[in-house]
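Structural characterization, general
Next come the chains, spelled out residue by residue.
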Amino acid sequence: MDVERESRQSGDADSTLAATTQALLDEGLTAELVEHASVVVAEQFEEQLGSDATLAQEDLRRVLQQATQFEAEDVSIVVRAVFRGSADTQMPVRDVLEFFFDGAASRSLLPAKDANDLLAEERRCLSERCADAARVFGSGAGRAETATLVPVILHVRQVAQQLSDGLCFLEAMLQEQVIAAIGKVVSPQDFGEYMLFHNRTLFRPEFAPRAFCYAVRRSMRHAPEGSLSINARGSAGKIQQPISTLVSTTEVGHLMSFPLGASVQVPFTGERHVHAACLHSFSSDMGAELSLQARARQFCSMIILVGRISSATTFEPQYASILTNKDDLTVPLDLATIPSPKEFKDAIASLSPEQQRFAKAFREMQLQSTLFAVLVVQIKPHLERVLGLPAGALTKELELTQDLMELFIDYQIPSDLLACTSQELTADAKVSTVRSAVKAAQQTVKDGIRCELEEAILKGKYELAQEQQRTRQELEVERRRCADELQNLRDMFTAERDTEEEERRREKAISDIWAEGRRRLNELEAAYVAKRDFSTESAQAHKSALDRIAKETEENVDRCVNPDVFACMEDAVCA
């Protein structure tokens with residue numbers, strides 16, 4: 001009974017919903033719904049059907065067919081879009097209204113009638129301004145059309161500025177909303193972390209991007225010789241992390257080669273990994289800086305070659321390095337972006353045919369040498385092959401391996417002098433033979449070093465004797481120069497001393513002359529007073545005698561001031 005009652009109530013609800021839908025069709029509300037004419041229609045739908053009512057796909061299809069002239073296929077596309085492709089046959093009316101009216105956001109939109117009124121008012125105002133300009137400046141032929149261009153151009157500029165301001169406001173508002181929703185400003189590193197998260201959910205595990213970090217080892221039974229990775233340096237305070245790449249791995253590829261010189265080609269094969277990476281950058285931030293990092297463990301060694309793949313069988317190395325005993329190599333990678341095919345086609349569209357051919361040929365050359373490649377060569381397996389040892393013979397021979405590396409790298413010893421050429425010996429016997437050859441080579445090297453040291457000592461002694469002789473000669477020349485300078489100083493000192501003594505004698509002579517002149521004046525004055533003859537003749541004679549004595553004194557002083565006269569006076573005095 002309960003089941004029948006529930007089915008009866010469900011049928012009554014469906015019949016009520018169908019009747020309400022038919023009433024909406026009769027009132028013409030569905031046309032306004034499809035045309036987004038007014039938000040009031042949505043409210044009327046909610047009042048008629050109720051906020052908790054549901055709408056079936058067939059009812060929505062019938063409403064759209066009645067309200068529009070769409071084909072049945074187009075109506076079906078709209079219905080599938082409303083129901084989001086789900087298999088549900090019922091959907092709440094509120095969700096249907098949100099699909100057409102975009103929820104509450106549509107309530108802030110300007111109605112179409114008001115927008116049309118504003119556009120009509122704008123057109124009327126622009127027409128009036130054009131008419132005023134034509135009336136004021138349109139007295140001549142063609143001046144009316146020219147005058148109307150000014151208000152039109154000013155209006156267009158104002159509209160463009162308002163459009164730009166509106167778009168900038170919308171962008172700023174959206175940016176603030178996104179930042180508020182996320183909680184931070186997204187950087188290229190943050191976007192890269194999101195892509196890692198997205199790729200984990202998008203790809204299957206066997207196809208998911210993996211970190212570019214590999215352990216260099218001979219096989220899974222051997223310990224790693226070192227590691228190779230491409231790291232991205234993030235913002236300050238973050239640790240460098242390997243980049244994530246899509247990888248295609250080939251265990252044994254076809255034979256390739258790389259040149260060691262103009263006449264030597266080295267073939268190689270082995271495990272190969274082809275990587276593809278998607279790097280992210282913004283206009284304000286160029287993203288992370290990449291670097292190739294290779295490390296070698298203690299008592300391990302390997303060769304790293306960095307270059308490009310020029311063809312399917314050729315690797316062109318540009319840089320190479322030997323890593324041994326905890327060496328750490330970091331190579332910054334300077335990436336350059338070439339135009340995409342569409343950008344390249346648009347760029348050469350305006351060029352001449354000759355320039356286009358040259359640009360295409362140059363781009364073809366770029367595309368052939370843009371594949372970055374890193375080749376890792378393990379040294380120990382190749383040492384075993386070169387020396388005629390079985391595979392794995394040098395795995396535990398640490399001292400022998402280090403001696404071999406020293407002889408090959410530092411002294412460039414030919415491998416033929418150390419190799420075991422006998423194929424009948426056992427593995428241990430071959431190792432012993434190589435060890436004996438290494439000891440002999442080391443002894444030869446030591447003897448050579450000792451001879452070089454003896455020669456260097458003899459050469460040093462000879463150079464030291466030459467240097468000492470040259471130093472003694474330089475010291476003798478310097479001693480003579482110093483003696484000459486000292487003699488010159490002595491002569492200068494003697495001359496200065498003689499000059500000072502002569503000056504003192506001259507000053508003494510002048511002092512004596514002045515004293516003698518004063519004495520003679522005093523005697524003449526005393527005789528004049530003692531004579532007690534104060535007549536005119538006596539006074540004139542006394543004055544003449546005073547003048548004569550003063551003149552003689554001055555002449556004697558002048559003679560002393562003149563060096564030549566003073567020397568003659570001294571000679572006369574001495575004589």
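Described below are features of the structure shown in this document. Quick caveat, the model's predicted, so the values are computed rather than measured.

About the criteria used
Going along each chain's sequence as written, the residues are numbered from 1 onward. Owing to the predicted nature of the model, reporting of local features is limited to residues with pLDDT of at least 70; listing and counting of side-chain atom pairs is limited to 80 or more, with chain, interface and lining totals taken over all residues. For the side-chain quantities, the full set of heavy atoms in the structure was used; hydrogens and water were omitted. Aromatic pairs are defined between Phe, Tyr and Trp rings, using the six-membered ring for Trp, whenever the two ring centres lie within 6.5 Å; interplanar angles under 30 degrees are classed as stacked, those over 60 as edge-to-face, and all others as tilted. Burial classes: relative accessible area under 20% of the type maximum marks a residue as buried, over 50% as exposed, and values in between as partly exposed (1.4 Å probe, protein chains only). Numbering of helices and strands runs from the N terminus, with a helix taken as a DSSP run of H or I at least four residues long and a strand as a DSSP run of E at least two residues long. By definition, being over a ring means that NZ of Lys or CZ of Arg is both within 6 Å of the ring centre and within 35 degrees of the ring normal. One speaks of a salt bridge when a side-chain nitrogen belonging to Lys or Arg is within 4 Å of a carboxyl oxygen belonging to Asp or Glu. Axis definition: a line fit to C-alpha positions, over the contact stretch in the case of helices; interaxial angles, taken between N-to-C directions, run 0 to 180 degrees. What makes a crossing left-handed is the near helix being turned counterclockwise from the far one by less than a right angle; a clockwise turn instead makes it right-handed. Contact definition: two residues touch when any of their heavy atoms are within 4.5 Å. The nonpolar class holds Ala, Val, Leu, Ile, Met, Phe, Trp, Tyr, Cys and Pro. Asp, Glu, Lys and Arg form the charged class, and all remaining residues, Gly among them, are polar. For two strands to be treated as a pair, DSSP must find no fewer than two bridges joining them. Patches were defined on residues exceeding 30% relative accessible area and lacking a salt bridge, with like-charge contacts within 9 Å and nonpolar side-chain contacts (Val, Leu, Ile, Met, Phe, Trp, Tyr) within 5 Å. Residue burial considers only the protein chains on display, and all accessible areas are found by Shrake-Rupley using a 1.4 Å probe. Polar contact is defined as a pair of N or O atoms within 3.5 Å, subject to the rule that within protein one atom must be able to donate a hydrogen and the other to accept it, and that residues adjacent in sequence are counted only when both atoms are side-chain atoms. Definition of nonpolar core: a set of buried residues of the types Ala, Val, Leu, Ile, Met, Phe, Trp, Tyr and Cys, connected through side-chain atoms within 4.5 Å.

Following the criterion strictly, the structure yields six aromatic pairs and no others. Judged by centre distance (5.6 Å) and plane angle (90 degrees), the ring pair of F212 and Y214 falls under edge-to-face. Residue class for Y214 comes out partly exposed when judged on its relative accessible area of 22%. Aromatic pair F258 and F268: ring centres 5.8 Å apart, planes at 45 degrees, arrangement tilted. Remark: F268 occurs in strand β9 (residues 265-268) and F258 occurs in strand β8 (residues 256-259); sequence separation between them is 10 residues. The burial state of F258 is the same as that of F268; both residues are buried. An aromatic cluster is present here, built from F258, F268 and F315 joined pairwise through their rings. When the ring centre of F344 is taken as reference, the NZ or CZ atom of R363 above it lies at 4.8 Å.

With the rule as written, the count across this model stands at 15 salt bridges. As a salt-bridge pair, K342 and D346 come within 3.2 Å of each other at their nearest N and O atoms. Of this pair, K342 and D346 both sit in helix α10 (residues 341-347), separated by four residues, roughly a single helical turn. R435 serves as the salt-bridge partner of E397, at 2.6 Å between the closest nitrogen and oxygen. Linking E397 in the loop between α12 (379-386) and α13 (398-409) with R435 in helix α14 (residues 427-531), this pair joins segments that are 38 residues apart in sequence. Take R435: its relative accessible area is 30%, and that puts it in the partly exposed class. Among the ionic contacts, a cluster of salt bridges with common partners joins E121, R124 and E128.

It is the contact of helix α7 (residues 112-137) with helix α8 (residues 143-182), at a shortest axis distance of 8 Å, that shows an interaxial angle of 145 degrees. The element α7 and its partner α8 pack so that their crossing is right-handed. Between α7 and α8, the residues in contact are E122, L126, R129, C130, A133, A134 and F137 and R143, A144, A147, T148, P151, V152, H155 and V159, respectively. For the contact of α7 with α8, the class distribution of residues is 10 nonpolar, two polar and three charged.

Moving on: the sheet that holds strand β7 (residues 244-250). Judged by pairing direction, the sheet is antiparallel, and its three strands sit side by side in the order β3-β7-β10 without closing on themselves. A strand with exactly one partner marks an edge of an open sheet, and here the two such strands are β3 (210-211) and β10 (272-276). Relative to β7, β3 runs antiparallel, the two being bridged by two bridges. When the bridges of β7 are listed, A211 appears paired with S244.

Attention now moves to a nonpolar patch on the surface. Taken together, the side chains of V178, I182, V186, F191, Y194 and F197 present a nonpolar region at the surface, about 530 Å² in accessible area. Taken together, the elements giving at least two residues each to the nonpolar patch come down to α8 and α9 (188-202). The element contributing the most residues to the nonpolar patch is α9, with three residues. In this structure, V186 sits in the loop between α8 and α9.

Moving on, we get to the environment of A211. Position of A211 among the secondary structure elements: in strand β3. For the pair A211 and I243, spaced 32 residues apart in sequence, the C-alpha to C-alpha distance is 5.5 Å. If we skip the residues at most four places from it in the chain, A211 touches P242, I243 and S244.

This part is about the side chain of Q378. Mapping Q378 onto the fold places it in strand β15 (residues 371-378). Judged by its relative accessible area of 17%, Q378 falls in the buried class. A distance of 3.4 Å separates a polar atom in the side chain of Q378 from the backbone nitrogen of R218. Here Q378 is in contact with V216, R217, R218 and E225, once residues within four sequence places are set aside.

Its place among the elements puts H254 in the loop between β7 and β8. Separated by 15 residues in the primary sequence, H254 and T269 have C-alpha atoms spaced 6.6 Å apart. Each residue touching H254, except ones within four places of it in the same chain, is listed here: F268, T269, R272, A312 and T313. Only 2.7 Å separates the side chain of H254 from the backbone oxygen of A312, close enough to count as a polar contact.

Attention now goes to the nonpolar core. If you look at the biggest cluster of nonpolar residues, it comprises 20 residues, and the most contacted ones within it are L387, L389, L404, L407, L418, V434 and V438. At the level of elements, α12, α13 and α14 are the ones that each hand at least two residues to this core. The element best represented in this core is α14, accounting for six residues. Discounting chain neighbours no more than four positions away, the residues touching L418 are L387, L404, L407, F408, I413, V434, A437, V438 and A441. F212, L290, I304 and V306 belong to the second largest nonpolar core, which has 15 residues in total.

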